Structure formats: C-alpha cells, structure tokens
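Chains, contacts and geometry: an overview
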Amino acid sequence: MAVKVSVVVPVYNPGPHIDRLIASLLRQSLPRDEFEAVFVDDGSTDGTGERLDALSAEHANFTVVHIPNSGWPGRPRNVGIDTARGTYVYFVDNDDWLGDEALERLYAMAERNASDVVIGKMAGHGRRVPRELFAATRDRVSVESFPPLTAAEFGIDPLTPHKLFRRAFLDEHAIRFPEGRRRLEDHVFVMQAYVRADVISVLADYVCYHWVRRRDNRNAANIRLDPRGYFENGREVLDIVERHTPPGPLRDRLIAAWYEGKMLWRVGEGKLLAYEPDYRRELFAEIRRLALERFGPDVVARLPAHLRVRSALLQAGDLERLLALARVESGLEPTALLEEARPDAGRLVLRLSGRLSYEGGAPLAFRRDGEKLYWDPPVDLGTAVSLADREVTGELETSRIDVFVRSRKERAEFFLPADSAVVRHDDDDGLHISLEAEARLDPVTAGAGSPLARDLWDVLACVRTAGWARVVPVSSATEPASAAMSPAVGGDGVRMTPRSTARGTLAVAIGPVRSRSARPRFASTLLRR
C-alpha cells in the first residue's frame, strides 16, 4: 500500500511526555501500512533517541532520523518533510497526542476535497484553542473565503503547524520552515501555505489534535521571547502577506489579525501587567517600533474600539496610560446565569442572561452623542486617543452570548445553536447593556453536526460586548425553584441530564454518566433573578 500520511515529529528530550503520542499513534484507525511516523531526533540526550530506535525496530511504520542538535523545531521538521513518503504530511509536537481516528478522518477529507491544507479540530489541555474556527466543518475554503473569525482566532492559533499538508503542494511552492534558533518559524511556514493554497478544509466534528501545555512549562514556545529577534521574525510573516496579496481588504484583514494576536495582545490586560518593569519597557519599545512601521489607519480601522484605543496609546508611546487601561480591562468580569432549562422536541433548551462588568460590578457604560455611541473608560486617555477610536455604535449591536459545551474527558468544545439579544438600559450614568440568549442542545447534532460523546459536558458562555470577549462557566446557582422533572431525551433516545456541579456551575450529562462532583438539579426553572 502507498503511504497516505506521514506524521512528522520533531523530538528533543521529551522524557515521558512523549508516551501519550506514541500510544495514540499505535491506536490509529488508519491501517499501519497506510501511514508512517517519522521521528526526527534533534540530538536528544535523555535516552529518547535509543527508545525510538527500539520502537522503530518493532514497528515497521516508525522511522527515526538522528540529527545534531539544531536548537529549534524548524530543521527537524524540514528533515521530516524530505524523509516522508506519504501523500500528506502532518506535523505533531512530541508533547501532544492525536485522536484515535485523526489520520483516517484527515486523509478522507483531504482526498474528498483535493485539499492543500486540512485543519483538524484541536482540544486544549492548559492551552487556549480556536473555537469559532471549528464551529462547523468546511470542505473547501481559501484564505479569501475563510470564515469571519475574530482577529485573535485567525492570528494566533491557526498559524500553528499542527495541520495536514499535501506534500506535493509544499514541494511545488518550496515551502519549508526557517531553520535555526528563532521564533515564528511556524507562522512563516503556515502563512506561506495559506496564501498559496487553492483549497483549505476545516474538520470540526472530531478532535484530531490534543495540544498540551506541560506542567513543567518546558514546551519550546514557553521560553521567554527576545523582543528584538521575535519582532524581526514577525516582519517576515508580514512580508509574506504583502508579497502574496494585493493591497485591499484581504491584506488588511490578515495584517490586522497579526497585529492583534501577536502585538496588541502583549500590551494589554493581564499580559502587560505581568511583565517585570525592565522587560516590559524593552518589549514595549520593540512592539511600538514595528507598529509605527507597518500598521496604518486602514489596518487599525478593522479593530474593535478597545483595540483601537490600545493601538493609539501604543503608537503614541504612552506606556503609563496603557498600564492604567490594562488594569481596567484585566478587571472585566463576565457573568452568565441560567434562567431556565427545559426539554423541547428532543432538545434541551437553556435560557441565559449575562453581562460584562467592571471589577466590583459596575456595568460597562457608553456615552450617546446623537446617533453614535462611545466608550468612556474610567481612566484618562490623554490626547492620543481620538473620539473615532472610541466609537462602538456598530459593535454594540453585535454583542451577544455564545454558548458552548466542553467534555470532561476529551476537552472537546462545541458551540450550541443560540439566539441572542441585546437589552439596553439608559440611566444617569449613560447607556449600558445586558444580554439574553436561548441555546439548544441536541445530542444528535451538537458535535458540529455529529453526536456528542457520552460524557459529562460543562456548559460555558462567551460573553461578547463591544469587541471584548470573556469566557465563564454558566452558573446554575440555587436550589430548584419548581417541581422536578425527568431528564430530557434526545431524538435517538440519549438522555440529557442537567446537573449543578459542586462549584455551582452547569453541566449536562449525555447518556448514563455518573460524576461525584455533580449532583442532579432537575427543574424547569433553575434560577430566576
């Protein structure tokens, strides 16, 4: 049989952290003569190289290549590409692991759609992973027709290399990782693939990749960055975008995504406050230098108001006001309260209320000026921030509560279909809003069109207001307020049992799941306030 998929794994001193990956490769549903695992040992000194040699002697589809230590994953990944025999290559880090059917499903999607790139659903273990990207399976998209994600969604997570790539496509365009000890080699690689790909596919109904933050914090990406080197490497990513996209909306969208995800994120909220003062000033200076060079008004205009404010202070060099703003934004508190849970035609309907507030409970307030609305943060912004930077008129209307469920066992996350509404409140302090949502859980289709696994699923909400987004567990709070009822039953007979956890948050058991940390709260109205 021809090799369908080559799994390329750069390896350096993982110790026992590689065990889960090896086990997951041995469990793959794709027959072993149809895939290979290419481990490129980057000069390990912990005995891993010898262990992999023994595994390759036992398993014919395991290959080990030993190279002198290069110091970073770029060189081992390139060696893996050149060694690979598969029609597709799939990059996996030695700390992570795969779903048992990952290779079979990714290959089938790639073949069905003639895909150059397939992005498989990720689950985060101590890491933030994309949510909106995996809201639905998408067979054939391109970088131009990519779904309208938030800038952070597109700019951070999809540029990691944990994807399936057609090997002939990589060779045709000479796409390889930059080598040496440097940052953003994965962004350079993936962005080159994105802007050249005819077909990108997104597989959203099965967790292919489990992305792990090690408890010892020794993942390569966690090493503190050198500001000058990091943002010099960042210029390469921006150069790729500008070289392969014409001036206009697409280019601005991609560059705005990178600006938010890799730069403005670092000078706001808790991130900026966490740095020690000397390092904070060094990092701020490098970010500002690049911001002034490459991010003009057309790019900034694509950002939500709070990031336009952040950008204005950054480009003005006003670190002290940025710190004051960061203290305000880091204190934003989301709430999402369950008002009602009821069965309805094989679904469990969840009615929620929520809002985003300042620390201490004061609501976010907005000032009305004619037909326009403006954010007035409780800090002095000086003269660098214009009135236009603070306008939220259109953004306020898009405020909503997104509801999703997360499995206890696999950490898989899936959005639930939901209708959301903005409720306006005018008082002497200005305009503020609260949010309402009604989400529907159908166990047959809730997994991005597939059935949910039998597990205990925590219910969470992403509370979005004027561009901010904060995730919080849905609170189930008090004792039932009305007569008990039976668990809801889905169309295929699967039971959906709402439960209140020991922390007072909402979970739903799918199937006959038992949990010591959750107790049933079967009520048509669980909470009213």
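A short tour of the structure in this document, coming up. Owing to the predicted nature of the structure, the values given are computational and were not obtained by experimental measurement.

**A few points about the pattern of salt bridges**
Counted under the stated rule, the structure contains 42 salt bridges. The partner of E340 in a salt bridge is R351, and the shortest N-O contact between them spans 3.2 Å. Of this pair, E340 sits in strand β10 (residues 333-344) while R351 sits in strand β11 (residues 347-357), placing them 11 residues apart in sequence. With relative accessibility at 16%, the residue E340 sits in the buried group. Linking D402 and R400 is a salt bridge whose minimum nitrogen-to-oxygen distance equals 2.9 Å. Note on D402: relative accessible area 12%, which makes it buried. The partly exposed category is assigned to R400, whose relative accessible area is 30%.

**Some remarks on the nonpolar core**
Residues F39, Y90, W258, Y259 and F295 are the most contacted members of the largest nonpolar core, which totals 151 residues. At nine residues, the largest contribution of residues to this core is made by strand β9 (residues 200-212). The residues contacting F39, other than those within four sequence positions of it, are V9, V11, I18, L21, L25, L52, F62, T63, V64 and V65.

**Here we look at the packing of aromatic side chains**
By the definition in use, this model includes 14 aromatic pairs. Here Y88 and Y107 contribute two aromatic rings whose centre-to-centre distance is 5.8 Å and whose plane-to-plane angle is 85°, an arrangement assigned as edge-to-face. Pair noted here: Y88 is in strand β4 (residues 88-91) and Y107 is in helix α4 (residues 102-113), with a separation of 19 residues, a long-range link. Pairing F404 with F415 gives two aromatic rings, centres 6.0 Å apart and planes at 70°, and the pair type is edge-to-face. Here F404, found in strand β14 (residues 400-407), pairs with F415, found in strand β15 (residues 413-415); they are 11 residues apart in sequence, far enough to count as distant. On the basis of relative accessibility, which here comes to 1%, the residue F404 falls in the buried class. Taken together, F91, F165, F177 and F189 form an aromatic cluster joined through their ring pairs. Above the ring of F414, the side-chain terminus of K121 is found at 4.5 Å from the ring centroid.

**Overview of the environment of G449**
Tracing the sequence through the fold places G449 in the loop between β17 (430-441) and β18 (456-465). Measuring from C-alpha to C-alpha, the distance between G449 and A136 comes to 7.6 Å, with 313 residues separating the pair along the chain.

**Quick word on the environment of A469**
Relative to the helices and strands, A469 is located in strand β19 (residues 468-473). For A469, a relative accessible area of 32% puts it in the partly exposed group. Filtering out sequence-adjacent residues up to four positions away, A469 remains in contact with C462, V463 and R464.

**A few points about helix α1 (residues 19-26)**
Buried residues of α1: L21, I22, S24 and L25, and no others. Along α1, the residues classed as buried sweep out an arc of 165° about the axis, all on the same side. Among the structural elements, β1 (5-11), β2 (35-42), α2 (48-58), β3 (62-67) and β5 (97-98) are those in contact with the buried residues of α1.

Calculation criteria
Position numbers for residues start from 1 in each chain and track the written sequence from start to end. Under the rules for a predicted model, residues below a pLDDT of 70 receive no local features and side-chain atom pairs below 80 are neither given nor counted, while totals for whole chains, interfaces and linings still include all residues. For the side-chain quantities, the full set of heavy atoms in the structure was used; hydrogens and water were omitted. Salt bridges are identified by distance alone: a Lys or Arg side-chain nitrogen within 4 Å of an Asp or Glu carboxyl oxygen. Starting at the N terminus, helices and strands are each numbered in turn, a helix being any DSSP run of H or I of at least four residues and a strand any DSSP run of E of at least two. Type-normalised accessible area, obtained with a 1.4 Å probe on protein chains alone, sets the label of each residue: buried when under 20%, exposed when over 50%, and partly exposed for intermediate values. Here the nonpolar core consists of buried residues drawn from Ala, Val, Leu, Ile, Met, Phe, Trp, Tyr and Cys, with membership extended through side-chain atoms lying within 4.5 Å. We call two residues contacting when some pair of their heavy atoms lies within 4.5 Å. A pair of Phe, Tyr and Trp rings is counted when the ring centres sit within 6.5 Å of each other, with Trp represented by its six-membered ring. The angle between the planes then sorts it: under 30 degrees is stacked, over 60 is edge-to-face, the rest tilted. Only lysine NZ and arginine CZ atoms are considered, and such an atom sits over a ring when it is within 6 Å of the ring centre and within 35 degrees of the ring normal. What the arc measures is the spread of directions leading from the helix axis to the C-beta atoms.

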